[in-house]
Structures are given as C-alpha cells and as structure tokens.
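# Structural features, examined
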There are 2 protein chains.
Amino acid sequence: MAKTKYVYAFGGGLAEGDGSMKELLGGKGAGLAEMTKIGLPVPAGFTITTEVCDLYYKAGRKWPAGLDEEMAKQLKQLEKNVGKKLGDPKDPLLVSVRSGAAISMPGMMETILNLGLTDASVEGLATKTGNRRFALDAYRRFIMMYGSTAMGIEREEFDKIFGEVKEAKTRKRLGVPNGNKVSDTDVNEAELADVIAGFKALYKKHIKKEFPQDPQEQLRGSIDAVFNSWMADKAVTFRKVEKIQGIRGTAVSVVQMVFGNKGDTSGTGVCFTRDPNNGVDEFYGDYLINAQGEDVVAGIRTPIKLSDFERKDPKAYKQLLDVRSRLEKHYKDMQDLEFTVEEGKLYMLQCRTGKRSPFAAFKIAVDMVNEKLITKEDAIMRIKTNDIEGIFYPMIDKSQPQKLKDAFLVQGIDAVPGAACGKVVFNAKVAEDWAAKGEKVILVRKETSPEDVGGMHAAQGILTATGGKTSHAAVVARGWGKSCIVGCEKLDISYEKKAFSVNGKTVKEGEYITIDSSAGNVYIGELKLVKPEPSEAYKTLMGWVDQIKTLKVRTNADTPYDAENARKLGAEGIGLCRTEHMFFDTEARILAIREMIVADDVEARKKALAKLLPFQTEDFRGIFKAMDGYPVTIRLIDPPLHEFVPHDEVGQKALAKAVGLSYEHVRQRVEQLHEQNPMLGHRGCRLTITYPEILDMQVTAIIKAACDMTKKGVKVAPEIMIPLTIDAKEFKILEQRTRSVADTVIKDAGVQLSYMVGTMIEVPRAALLADQIAETAEFFSCGTNDLTQMTMGISRDDAGKFLPDYVDEKKAGVFKADPFQSLDQEGVGMLIKMAIEKGRSTRKNLKVGICGEHGGDLNSVKFCHRVGMNYVSSSPYRVPVSRLAAAQAVIEDKKAAAKTKATAKAAGKSAARTVSVRKTSAVKKTGAAKPAEKKATRAVAAKKPATRKAK
Amino acid sequence: MAKTKYVYAFGGGLAEGDGSMKELLGGKGAGLAEMTKIGLPVPAGFTITTEVCDLYYKAGRKWPAGLDEEMAKQLKQLEKNVGKKLGDPKDPLLVSVRSGAAISMPGMMETILNLGLTDASVEGLATKTGNRRFALDAYRRFIMMYGSTAMGIEREEFDKIFGEVKEAKTRKRLGVPNGNKVSDTDVNEAELADVIAGFKALYKKHIKKEFPQDPQEQLRGSIDAVFNSWMADKAVTFRKVEKIQGIRGTAVSVVQMVFGNKGDTSGTGVCFTRDPNNGVDEFYGDYLINAQGEDVVAGIRTPIKLSDFERKDPKAYKQLLDVRSRLEKHYKDMQDLEFTVEEGKLYMLQCRTGKRSPFAAFKIAVDMVNEKLITKEDAIMRIKTNDIEGIFYPMIDKSQPQKLKDAFLVQGIDAVPGAACGKVVFNAKVAEDWAAKGEKVILVRKETSPEDVGGMHAAQGILTATGGKTSHAAVVARGWGKSCIVGCEKLDISYEKKAFSVNGKTVKEGEYITIDSSAGNVYIGELKLVKPEPSEAYKTLMGWVDQIKTLKVRTNADTPYDAENARKLGAEGIGLCRTEHMFFDTEARILAIREMIVADDVEARKKALAKLLPFQTEDFRGIFKAMDGYPVTIRLIDPPLHEFVPHDEVGQKALAKAVGLSYEHVRQRVEQLHEQNPMLGHRGCRLTITYPEILDMQVTAIIKAACDMTKKGVKVAPEIMIPLTIDAKEFKILEQRTRSVADTVIKDAGVQLSYMVGTMIEVPRAALLADQIAETAEFFSCGTNDLTQMTMGISRDDAGKFLPDYVDEKKAGVFKADPFQSLDQEGVGMLIKMAIEKGRSTRKNLKVGICGEHGGDLNSVKFCHRVGMNYVSSSPYRVPVSRLAAAQAVIEDKKAAAKTKATAKAAGKSAARTVSVRKTSAVKKTGAAKPAEKKATRAVAAKKPATRKAK
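Residues numbered from 1 in each chain as written. Chains lettered and ligands numbered in written order. Predicted model: local features only at pLDDT ≥ 70, side-chain atom pairs only at ≥ 80, totals over all residues. Heavy atoms only, no water.

This paragraph deals with the overall build of chain A. Each helix and strand counted, chain A has 35 helices and 36 strands in total. Relative to the compact-globule value of 30 Å for 951 residues, chain A shows a C-alpha radius of gyration of 33 Å, a close match. The C-alpha extent of chain A, read off along each of the three principal axes, is 110 × 80 × 50 Å. Within the span of chain A, comprising 951 residues, buried residues form 58% of the whole. Contacts spanning at least 24 positions in sequence make up 70% of the contacts within chain A whose residues lie at least 6 apart. With an accessible surface of roughly 39,400 Å², chain A has 51% of that area assigned to carbon and sulfur atoms. Within chain A, the 124 negative side-chain charges are centred at a point lying 5 Å from the centre of the 146 positive side-chain charges. (Helix = DSSP H or I, 4+ residues; strand = E, 2+ residues; numbered from the N terminus. Rg over C-alpha atoms; globule rule 2.2 N^0.38 Å. Buried < 20%, exposed > 50% of the residue type's maximum accessible area, 1.4 Å probe, protein only. Contact = heavy atoms within 4.5 Å. Areas by Shrake-Rupley, 256 points an atom, 1.4 Å probe, with all protein chains shown as cover. Lys, Arg positive; Asp, Glu negative; His and termini not counted. Charge placed at Lys NZ, Arg CZ, Asp CG, Glu CD.)

This part is about the interface of chain A and chain B. Contacts between chain A and chain B engage 50 residues on the former and 50 residues on the latter. Between chain A and chain B lies a buried interface of about 4,400 Å² when both sides are counted; carbon and sulfur atoms form 59% of it. It is Leu680, Arg765 and Lys801 of chain A that lose the most area in chain A upon contact with chain B, and together they represent 14% of the buried surface on that side. At the boundary of chain A with chain B, the tally comes to 4 salt bridges. A salt bridge links Arg765 of chain A to Glu826 of chain B; its shortest N-O distance comes to 3.7 Å. (Buried area = accessible area lost by both parts, 1.4 Å probe. Salt bridge = Lys/Arg side-chain N within 4 Å of Asp/Glu carboxyl O.)

Counted under the stated rule, the structure contains 99 salt bridges over all chains. When the shortest N-O distance is used, the salt bridge between Arg220 of chain B and Asp68 of chain B registers 2.9 Å. With a gap of 152 residues between them, Arg220 of chain B in helix H8 (residues 215-229) and Asp68 of chain B in helix H3 (residues 67-82) connect regions that are remote in the sequence. Taking relative accessible area as the criterion, Arg220 of chain B reaches 34% and is therefore assigned partly exposed. Salt bridges sharing common partners tie together Arg274, Asp281, Arg324, Glu328 and Glu371 of chain A.

All names here are of chain B. Strand order in the open sheet formed by 5 strands is E11-E10-E9-E12-E13, with antiparallel pairing between adjacent strands. The two strands at the open ends of the sheet, each matched to only one other strand, are strand E11 (304-305) and strand E13 (345-353). Sheet topology note: the strand E12 (residues 335-342)/E13 ladder contains 8 bridges and is antiparallel. Within E13, the position partnered with Glu342 by the bridge is Lys345. (Pairing = 2+ DSSP bridges.)

Membership of the largest hydrophobic core comes to 250 residues, with the highest contact counts inside it found for Leu541 and Ile703 of chain A together with Leu541 and Ile703 of chain B. Beyond its immediate chain neighbours, meaning those up to four positions away, Ile703 of chain B contacts Ile720, Ala742, Val745, Ile746, Leu753 and Tyr755 of chain B. (Core = buried A, V, L, I, M, F, W, Y, C linked by side-chain atoms within 4.5 Å.)

Take helix H12 (residues 314-331) of chain B next. Residue pairs three or four apart in sequence face the same way in an α-helix, which turns once every 3.6 residues. Helix length check: H12 of chain B (18 residues) gives 25 Å between terminal C-alpha atoms against 26 Å at 1.5 Å per residue, within 8%. Two residues or fewer after H12 of chain B comes Lys332 of chain B, characterised by a positive phi angle close to 55°. (Expected span 1.5 Å × (residues − 1).)

So, on to the state of the cysteines. Residue and element names in this part refer to chain A. Within this structure, the stated rule accounts for 0 disulfides over all chains. Take Cys577: it sits in no disulfide, and the sulfur closest to it among the cysteines is that of Cys851, at 11 Å. For Cys577, a relative accessible area of 0% gives the class buried. Residue Cys782 stays outside any disulfide, its sulfur separated by 7.4 Å from that of Cys864, the closest cysteine. (Disulfide = S-S within 2.5 Å.)

Residue and element names in this part refer to chain B. Counted under the stated rule, the structure contains 42 aromatic pairs over all chains. Between Phe283 and Tyr317, the ring centres sit 6.2 Å apart and the planes meet at 40°, which makes this aromatic pair tilted. Of this pair, Phe283 sits in the loop between strand E9 (267-272) and strand E10 (284-289) while Tyr317 sits in helix H12; the two residues are 34 residues apart in sequence, bridging distant segments of the chain. Overall, the relative accessible area of 7% leaves Tyr317 in the buried class. (Phe/Tyr/Trp six-rings, centres within 6.5 Å; stacked < 30°, edge-to-face > 60°.)

Residues and elements named next belong to chain A. Positionally, Ser229 belongs in helix H8 (residues 215-229). Owing to a relative accessible area of 4%, Ser229 belongs among the buried residues under this scheme. When residues no more than four places from it in sequence are discounted, the contact partners of Ser229 are Met109, Glu110 and Ala235.

Time to look at unusual backbone geometry. Unusually for a residue other than glycine, Lys332 of chain B sits at a positive phi of about 55°. Residue Lys332 of chain B is classed as partly exposed on the basis of its relative accessible area of 40%.

Written out as structure tokens, the structure reads:
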C-alpha cells in the first residue's frame, strides 16, 4: 500500500493538489493550488492536509510518524524554488503559516506571519530589502503572533507594550495627524527595537525560555498552534452555531511571505468579485496601504475603497481586475479574494467562494444563469436556508419620515442589509443571557472578535464602532443574514459604564435602539419594522424551484389570516389545521369548551359543544375560502383536556359560577385531569373514543362549512385527520363515526362534496402497523414532533436538561443536530419509511405528508422527498424554505442517478469479477413515484349518500 | 358453495357433530354429541351453532335467513325419534333449551327447562305420567324460567308468589321438618295450581299478553333468551375478568327433557370424575333427590353426597360409575358431569373437562402420566397460570393451636382449599370498592350469583351460608384458586344490618375474619397466614418442565432476600437488579443520595457518592452469594432524580440542614428537577451522561463486590446493564467508561473476573438501531414496560382514564388484553423481533432477555421463546409461571412443526400448481437456536488488564 501523502506543494505554476481537494487541503490550500495551476501569481508553499490534523488529535496532539521527514523534504524544495533558506542570516526565507478547513470559519483559526525571523535574520532582511524599519516591524509582528497564538501569552500584554511606546511618543510629539495619536506606521526603527526587546522580555517572563532563534522550532510551534486552534472553544462554538459537522480538521498552509508593509507601493486587501450585499456585478472590497493582511480583517484601521486603490496604484489594480475576471469564469461563482501588493506586484493569497447577503445570493444566482455561466439547477443548489430567511427579514417602516428624522442618531457602514430593533447590550455573554430570557437585543461593540459569536448569534443586530465591510463583525453577520452596521466611528463606547455616547446623546445598556443596516443608520428608541417585498431575483428563482420540485408544499395554519399569508408564500394547501387553537380565540369559546369539560354527563357536554359549533363552522368557512382549490387537512381535537381548564382557584371559581356548578366540582374535575405524563396520556383520538360527541361537533362544523363554501362556488377539499392513532380498529371506529356524521351533513345540504379521512402517524405503533391502518385511512400525515418524542423517549419540554450535552461535540456529541429541529433520519426516519412502505402495501395510492416542525427544515424536507412523500407542511414563513428543499432534492436525486449510472458504466468496463459495494447518497424511492394527490380523494355524492349504518 | 349448516342433531346413538367441535357447538353441544356417539345414555336433541349467535348479533339481534326452516326440520326429526310432539295435549314432547359457549362460563348463561308445557299439555303430561303434582311443578318452573329469562320479569316476583303460598301453608301447618318451614317438595297439587295461576297473572301484568300457549313461540323466545344472555352485563364482565376473547358466541342446545323431579327414584346431580380439590382419584359430587338441575347449581337446597346416593339408589349409581370410567378413558382427563335420574334410569346431560383446584391440577396431571393415560407434555399443557398461582396461596399458620382454638367461629364446606384473611363485607360492589382502595376483604353472602363475580374476584376469599361444592360460589372461586367456604348454614346473615351472627357472636362489616378453606373453618380476627410447601405433584411436574424448556428463567430481584427466595422458586439468575431501590433502604442511604443530588459541583457529588459506595458494595455481595453460579444483571441508576428528593417544605428543610445547604438552594434544586413528562425525561443513562460519577460509583460497587465474592470462592457472573439507551454512540461512551472503571477495580483486586456490559432495549429507537448498538453491547434486555409505554404512546400511570375503554369489548374493544399485563405482540412485539434480528446481525451470539412485567405472563413468555430470546426475567413468585410457559412454548413449537410437516406432506400430494398461503401459529425462530449464554461472556484477566485509555 502506498504511504499516505501528508504534504502537497504548490508554486512556480505547478501544484500537487487542485481546487477540488477542499476536504483534504482545506479551502485555502485548495484555492492556492488551483490558482497556481491556472497561472495566477501565487507565492510558493505547501499544504499539510486535514488528515494530519485528524491524526494529530487521535494520537493525543502528536504528529503522525513520517510527517517530519515529508515536511523537511517539501521545505527544502520550497527553499530551492524561492532561492532563499529559512533562517539564513543574510537573506532569510520568511513564511506564513495559515489555517484552512474544508468549510470557511472566518476569524476562528490562527495565522502566523513573518515566520523565520530571528535576531540574526532580521538584520539580513533589513540589509536585503534596504528597509530596516520594515524588517523590525515584521519581527515585532512575528514575536507577538507567535507569542500569543502558539504560546498562549495574552495578546493584550503585547498590545500594552506597543501602546506604551506609541503613547510616550504621542506625549513627546504632539501635532501628528489623526487626533494627536501616533499610528502604527509612525513608530520608528529605534522605537521598534525597544518594542522588540520588550516583547522578547515578556516572552521570557511567561515561557521561562528565550524567544526561539531556531526557525524549525518556530515552524513546528506554529503548525501546532494552527492544529490546536481547531479545538479552541471559539472554533467549537462556531461549528456548533453554524451546524458544521463531519469535517476532519484544519489543513495548514506554509506559504512564502510577500509583504504589504513595504511602504506606499505595497498594501494588502480583501475583495469580492461582486457586491456581496446587493449582488450587483461590481468589484467590491477594501485595501489598506502599507499593511499586512491581519490589519484588514481585524478592522483596526479603516481601509480605503477599491476605487481609491485604482486611483492610487492603477497598475497593481489592473492586475487585480484581470484576476477577478479570470477567477469568476474559472469558478463560475462570486469569489472572496485576499491579496497583497509588494512594491507594485500583485500576489494572490486566497480565493474562495464568497459569502453573500441573502439578497445578493438570489441576485448573483439569477444573474449568472442569465450570463449562461451556470444552469438554473446550479442556481437553485446555491441558495441556502439562511438566504431565504434573510429575504423575509424586516426593514424599517419609512411611512413616517418625521419620526425617523427625530429618532436618527448616527450613521455607520451598511455591512449587512436589513433592520433590527432591541435593547442595547455591550457584552456577548449578556446578549446571550438576555436573549435566552426572550429579550431582543442589539450587540454594540468597539469591534467584535471570534469570542463574541455566541452573543452575535443571539442578538437581533450588531453595531460596531470600527472595522469595514470585511471585518469580523460584517463577515459573520452576513453569513447569518443578520442586520449589521460597522465602522460607526463616532460612537464613544464605555464598556465600564455600560453606555455609549454620540452626538451629545447617551444610550445605556437596556435602552432601545433600532438599526437600519441597509442604510447604515442608527436610531434611538423602538421603531416599527416592516417585512420587505421579495426581490425580482427571488421571485424568478422561486419560479424555477416550483417548476422543478415534485413534492407539494403545504402550510400549518389555524386561521384564515395565516392561510392567506401562507398562500402568498407559495403554500399549496394546508397540511395541519389545529382546531383546538380556535377554542382560545374568545371568552365565549373558551367558556364553552370548559363547560364541556366539566360537564357531568353526555347531555351537558352536547349542550356545551352546541355553543362551539357556530364558531368552528365560521372559522372553517374562512379557511376554505383562503385555500380555494387547495386541500385543507383538519386535525380533530388533540391536546389533553387539562390544557383548557383554569388551574388556579380564582379561575376555577369563576368557571364554576359561569357554568352553574359548585367550585368543589370544578376543582375536583381539574384535579382529575392532571396527568403524570400528559404527552402519553388522555389526548388525541383517545378523547374522541371517550367523548365521541366532540368528534360529532367538529366533523359537523368542518363539513357544514365545506358545504356552505361549495354552494358559494369555492372549491373545497377537506381532509379530516384523526390524531394519535395507534391501532387499525381504533381508527376504524372513529372513521366510521366521522363518515356517518359527514355524510348526513352532506345529504342535508344537498351538495356534491368529496372529503377524505386519514390519520396522523405520530406514535411508533402506528408506523409499525401502518399496513393495517391504511386499510381504512386514506392519508397519513407524519407528526414528527410527537413521533420524535416517543421514538427517542425524549420529552421536548424536558430535554433542556440533557439534550444540549447530547448535541455538543465537546460533551457526549451523540447527535449531529437537535432531533426536534432536524429530523433524526436514522431512527425516526426508519419508522417513517416503514409507515410509507407498509401503508402503500395495502393502499397503493395512499397520500403521505409530514406536519411536524421538520416540514420546514431543509434536510428533513429532502428526506421527505427521498422517501416518497406527497407533501410537506410547514409554518407559513418556512414555506419558501420547504419549496427550495423540495427542488434541491430533485436535483440531488438526478445527480446521484447520473453518478450511479456513470459508476455502473465504469464498473462495467473494468474487470467483471469485482463487485463494488458502495454507499451513494441516492436513497431508494419508496412507493409511487407520482403523487397520488388527485386520485386519492373519495367522492360522496349528495344523491348517493353512503349507507354505512345498520339498516 | 354449500349452504352453512346451522343445526346439528344428536340422539339414538348417532350425532352430526362430535367432541372436537367445541368452537361451533359449544362445550355442551360438543359433549352431548360425543357422549351420544360413544353410546352413553343421552336424551335426543339438536344444537344451534355459535355461528348463528354471531350472525344474530351482526344482524342486530335477528335470526339469519334459513334458520327457521332448518330448525323446523330438525324438530320434526326429534319428534319422530322421541315419538312425541311438541305441544301435543295428550303426550307432549318437552325440551330444555341450554346455552353453551366454547369456553365454559358457569352460571353466566341461561337455561330454560320444561319447554312445551301449556295449559293443555300439562294435563296430558299429568295423565301420561300419572303424576299430576310433578306435571304442575314442571309447569310452575317453566313459567317462572320463561317469564324471567326470556321476558325479563324479575325472578324475585315469582319467588314472592311461591314464597307466600309456602308461608301460608307453614302458618297453617306447623311441625313439618326443617325448622318449621315448608320446602318446595311439600307444596301440593292444589297449591301448585294456585302458584301457576299467580305466575300467569304476573306474566300478563308485565307483558300485557297471556302466557304463550304456542310451544313454537315458547321455543323461539327461549332461544332468543339464550342468545341475549351472551351480551348480558354479567356475562361480559365474566369474560373480561376471565380474559376470554375471540369466541363467537354461545350455541343453543334443544334437548328432550328428562325429569329428576318425578319422586324419590328420580334426581339430578353434578359430579367430577376425580376430586377437584385435592385431585385424588375418587368420585366426587352432589346429588339432589326429586329435583331438577337448576336446584343443584343454584345451591338453594343442600345436596347429598355421592356415597349417600350409592346407598339410596345403588342401581342408578352403578350406571353413573360406569359412565365415569368410560368418559375418563375416552377424554383422558377429569370430567365434570351433569346427569339426571328419571325413575331409576340415568341420563347424561353434560360432560366437560372439569375445573379443578390448582393443587388438584398438578395431582391429576401427574397421576394420569403415571397411569399412562397422557404424556408428560400433555400434563404440562394442562397446567394454567392460575394453577401455579394457587400453589403459592397462603395457609393458616398452625403453630399456635390455642390461639386457633380461641379464634374458631364456625365450620362450613371446604369448597376451595387455601386460606384468606380480610375485612368482612356483604356486598360485591363494596368488596370491589374496598379492594380498589387496597383493603383486603372477605365477601360473605347467603349465596353468590353471577352478578357478584366482580366482588368475588376482588375479595381475598368467599364465605357463603348455603350451597355445596358445585354451587356458583365454589365453581367460580375454584377457577381462580381463591379461598372459598360454602354451605356454612349456621351463619345468620343480615344484609340490612351489615353483620352476621353465629354461635352467639356477631361480626360486623369491616371486622376481620380469617378463613381456612382447606378445612372449612372460619376464625374471628386476623390470623397469620403462611405459604404452603409445594406438593410432590407440583415438584414432579415442574421437573418435567425444566427438562423440556430451552428458555432460561431469571428473576427480578433487588435484595439478597429476594434473590434467595427466587432461587427456591427455580430462578436461574437475576435478569434485573434495580440498584436504586437500595437507596431507600436506610436513612443514611437516602440522605447520601439526596446530598449527591443537591450538590453544587462534581466534587461534592463525588463526596456524597463515596458514602453510598460501601452500602451498594455490601448489597451486591449478598446478591452474588445468593446467585452463586448464576448470572446477575445489574441495571445502573434509572429513575429521574426527583423521585429521590423530598417534595414538601418540612422534608426539604430537614435535608438542607442535614447537608449544610440553604433551604432555598434545596427548594430550587427540587423545583428544577420537576419535569412535564418524567417518563421521557432526564433519567436512565441520560443521568450517567450528565453525571458520570454516578456510573463510576455503581460500577465500582458491582465489580468490587464481585471480586470480593470471587475471592471467597463464589462463582459470580455480573452483567452490567445501561438503561434507556437510544443510540450506539451514547452506549459506547458509557460502555467504555464502565470498562475503564471495572478493569481498574479488577486489576487492583488481582482476581480473574468475567463480566458483560449490555443494554436495556426499552425505547423504540434502540430497537430500530439495534444492529449498531449490538456492535458494542454484549446483551440486550427488553424493558417491555417502558417499551410498551413509548411504542403505544400510553403512560401507564395515566392509562386508567381511557385504557379500560380500549380493552372493554362493549366499549371500543380495541385491544384484547391490557398491554401492560400481556405483551402487545403485534406492535411492541414487532419492535422486539426487529431488535433481536438486527442485534444478532452484527453480534451473532448476542444474549437477549426480557425484564418487564411481561416476563411473568404466560402468553408473553411464549412469545419470548418464539422470537428466540435466551431468557425471561420475572418477579420471584412468577418464576414458576415463566418456567411453565417456556416449556409449553417448546411443546407448542413441536406440535406446530408436526402440523406444518403434515400439511406440507398433504399439500405435496395434492396438485402441484397451487401454492397455499397460510398462517400457522409457528413463528419463525430468529437468530441462533441455541442460547449463547456461555459464549457471550467476555473474560478480563487480572494479569492482562484491558488497555483502553489513551497511552
């Protein structure tokens, strides 16, 4: 067996890796290799694979055998290519050590620049470049980065030493520009030498050893630092928040240094090939003259725009423009680039698919289809859940201009479009705590750092005093489509006083502000936010989505209002209408249901139910009207009755008085309704087995409303759903009663009406015995909320005590995601597959859908498609996500099929005896390929009433 | 297609049916047919099938088409055979109309005698028999039976009329024997004529019509009455209590009347071919001279013994003895016979397998094997769960003779052996109510009736003032193995005063009595009861059981005491040792566990756990010692922590003080532990994921105890069980921790010790993903209590509100039995089968058992055998039941295999093209046929400690 290759070289137009090897080389390593291959100016170097990182951790943070030798060889080759040697006191090779995982984790992982500098080689660099200040500055940076990143000394301690030197100089020498402060570039050679001496002393104090003068030791320590950063708390948190799973670790790229800090013909920049905010095809980015890369990303100095760069250094800019055009054509997607100009010459340091705002995501995808760069399918595959969520993020209501004017506070840089409103907090932890209590907060920071991601995620929006559009705050917030304003330099923030001042006003922690991050405006107080109209690009792309998808997307809606709203968002019917929510709508309703519950006998119950009948009928009329032409699945009463009754003495006394019973009677009845495990108690269809008169009332209301609307010309398709079924006989009893009531109502109304009777599949036993249940049930709706609870034995209400540990990869890490957010495809999914296969074994055209929260989760919806469901149902605002997921599932199916075909063809060509056992992502489609939506309805004509009763 | 045959004739040595047709003809009909066939003296008649009863109900209590004609034909044939015609005024044919289902329901169903009597034909009968008194008595009985049974007039109203006549005569004519009272037989012709007139007037008053003078109408009405009695409340209740399911209804036999009430050479009796109480091969029964059958069963008059019968009528008795011997040889089982002697000639009216006491069941089965009447397998198949339960029923402690003598009250007839102690109640409903509250009661009645079965079942024992060993009370109680004394005629019971007086003493409702029903003695007060030693027959038969069964039977035991007791009852190891029960044992223990729960951090928890360690270790030592040579499965902590803490202020304050924390802290912690659905909450292995230090302590205690006992020469085989597992990774984390702790303890102890680590399968997901879990788990124990709750979505604690309706055949009737008592083989069983198949697909020798309540249920244990489990585990006193079930399962398997083989052979002979699709009772055995008990253990030698930790 061939030895595993740990290190891949690039440089001089050749590369051992390429752009497709992201998993092995990380995004950065793959990008460098690919750019090298297509002839772009890239400094030489080599990449240590992500596999090494994996082995490093498996061995207890130790290098795998053979890595030393392989790296030594590659380093020798690099020295040969560059013509310099690491540690050469006359002309040293300097390198950067950069991290890069398969999935970008901006700001999370470490980079060390200028490695190779020692007390001796710094002088060689000074002589060779003829720029001693530059050489000392590079050494200063290196000691600090190595000391903090590799050796764990607090960064602040270095900053303090450097700061004191700058401050001493400021005090000595007033009158320099920029508010009397001395900037980094103003510090001279002698002062830098002092700083270096201070840094080295600091290093020795902490590490009890001199700063290493052996570049090999520096290199080894830096590579370890990168590996270690993979498991740093902030990185683990980031992966958790971003739901990044299943990647092996970070790669490490060791790259020849090029210098943006060699004076005014040098500089460093970060740019996007198109505008990542609005998606417009315009070059977009920041450039910092006489700086190293870290200065841009950290947002310490505010950079200049690319247009200014063009003006200042047109030659270098032209090189960059050329690269932009070549890379977009090559990658067929918007790219995020990092580059350095060293004395007029451009070097590309990074190239990756650029993060973009949700708005831009649609715009770029649709534009690129129009530019024939990509197909409609490619465009659809590029859209993410966040992109769709972002489209529906609120904007500030601009209908009252004077009010806006009065509330205006200050303007910053519009980093991520949108708007947000909340209470000001200055600390990420506080943001998390307050948000956990249900508060809406805006996180206000001088600048953000990776330590802050938790609080940034919890906040409604982010506002920073420094940094540009590619600062940490901007990049992270954009990924989430979260409202963000950066570089609002007028803000005077005091973390100590928990307040900021601006333009003579002071805002304290806990006070409201509103940010319009599309404009960069900050307002004082709580302003009204409105939902934006979806963009043209959104509409175009969602049109393609609907053409491609085969799965129907319905919505969970309990009111005519929700139903109408969901129709606008693309819902093709209602998959779950919860009738019990209607009971809480008014005092009269809740009183009637309570009267029913505390009633002594059937007659009293019927009397109370008769009061509810007109309310329910009216609600259903509205819902049927809103869903004209589309099916409406209505679930009969589901929650345990104790959810409807008052649990306090005052409420119980009031109820007793209202219904004319004794308080003691009411109290006892309420007590009697108490359950140890209500989730597994007297609820769902068990209620209608015990109190069939509730079913009678609800079915009457549904069918009466359907008949009424039919008479008005509305096309209705009611689907009556029995919840919590566990047995075929149980279902049959209720189905027969339902039909008996419904057919009588239809006959009395004298109309033609089709309706269906089906069941929830939400208890494991129902899935196991689905074949028997499908003998009577015309449709299944998988209630994956309860099915998850019972299949996993986890009460969602109580899971907070232990489920976080189960999802946390640093704790138990049993599950990749919260099974209540993303379907447990392995366990719960197996039951769903069984239910569908068994159900269709007895009823070929059985209609199957899902109505749990999972119906609005991208991966879960794809699963529903793969297992052959007819529809999914999600909350109104999740409908577009579900539509997208449905289309992506079709495209993934096609790709998998093509791949299988190609593999089969290849296998056919190869030796006939070998049987290849493989796992493909294509899951066998179960059941009928074409939805049985239309055929599955059951017509009952008024003239031919069903005669199910005994003669 | 041939027309369904509704009516089967018998008579004159020929019969259309036979003894194998119990399902179609009912026990009585099949018995009459069989006895006719083998040449015994049986009156002629015909039987209407159970299928007709089924059709009758399906059609809404209407006769199926064609029944009229078929019956008319059969009646004509009967008239021809007998030579008499129904309603013939000169010499009428009289018939009885008798019920009889496939399973005997003594006293539940109706019988009508003397049908065919009218005002005219009664005179013919009088003339023909020359016994007018007899004819009038028969007519009197018929009117009463028809009026009450078929027409629903209260029986008491008839009794009142008859009683008044008797009383008037008593007043007139003092000095007759039997306490001055006039008995039925003392009533003369004239008085009987008055009674008949009174009965007819009563009939007319209620029915508004004359008593029917058309025998056809009488016949039709009587048959309907029998059908209707099938769904009478008392019959439905009986079937529920007896768990009788899946039979279609009752058959109706119309039989030529023979008369036991024709004077002193006539009589009627009920007998058993062997003693149904002790099983001794002695003829046993009651005989009533000059009476009809109903008089015996109702227990109104106290009958004479068979020995007296022999003395009084040796000729008739000899005929009976001959029948006895022929029937036992024919049926190869003890028979329960009903017969009538009409003027010296014996007629057999019924023959069925006799109910017997548990003691007798073993005795008869073993004797019959020794007599070579049956095989050992037959003997085993005859034993029922109740028989085994009965063997372990208590007896009175006879160690203090003086105390017994002082407490003695009165003696009655020893109807069912055993003993019982409880508070006296006089009403069946009161018995049920008190028992539901946990009271032990003795039901004391003048006599019992089918309406009383609920209360009889609820009572510890039954005591009646009248009736013999075949009275209702005796027959019913014997079936249940319930202590029962009958015919205690000295008791003066006042239902009104709720008291009875006897021998100058009065016992009121609520006062204790103790009954020794083996001796027939009644004692005042609460006497000590002791467990009997199992009989020799029991031991012999259980020895055969153990030879035959392949399934191991373990026990659920938490203490050394339970473990020792279970060993005596035949347990082959412990299948479930619940460690948490030990926590409640002493104040010190519960305080330590509470201290652990309210602890603030890991260190405090560890400190508290350290206090528990010696207690747990000591317990395990005792258990290992008791189970020397047998495996012991120990489950790690399972219940949610809130079950251990005090929930009231007083308790919480005491705890706070004891552990040195604030009350507020304790209160908050307790509050925090509250869960919405604790069944699906933070419990089982979720606790050890969160608090691994609990696992550390428990595993240390288990393995330390095992090492200690090993050193003392005890053979230990600990199996450590992780509860509530839902995922392979979750299990692996805990398994690794368990092994790491265990191996260290073993190494420190320096002994050789094998142990296993396995899991409960009690959450559906674990069953679904069993193949993955079995990669690490060495054994599965199916926790069917929780698995049933989650698979069916039913909380056992809350099921009382709706589950009774689900099991009640008159309500929803969804389930045949309570799924918490008898395993839901269809649903939950499917998951168990999956778990076993999947588990063994990755681990061939996976050991599988069950440890829910179902491990002690006959049918559930058979299921466990069929699906290939290695063992079942049940509570100590259920161990013999489980052993029996395991042996019966093997025998049933063999029978099914033989049947399949025979069917296959037959099918092979028939046309080759037809493929027969059949369901046989033989379920495919999954997995390895031979238990992998021995091979599955994993040896860890002290000298070779497992090195699982990272180096």
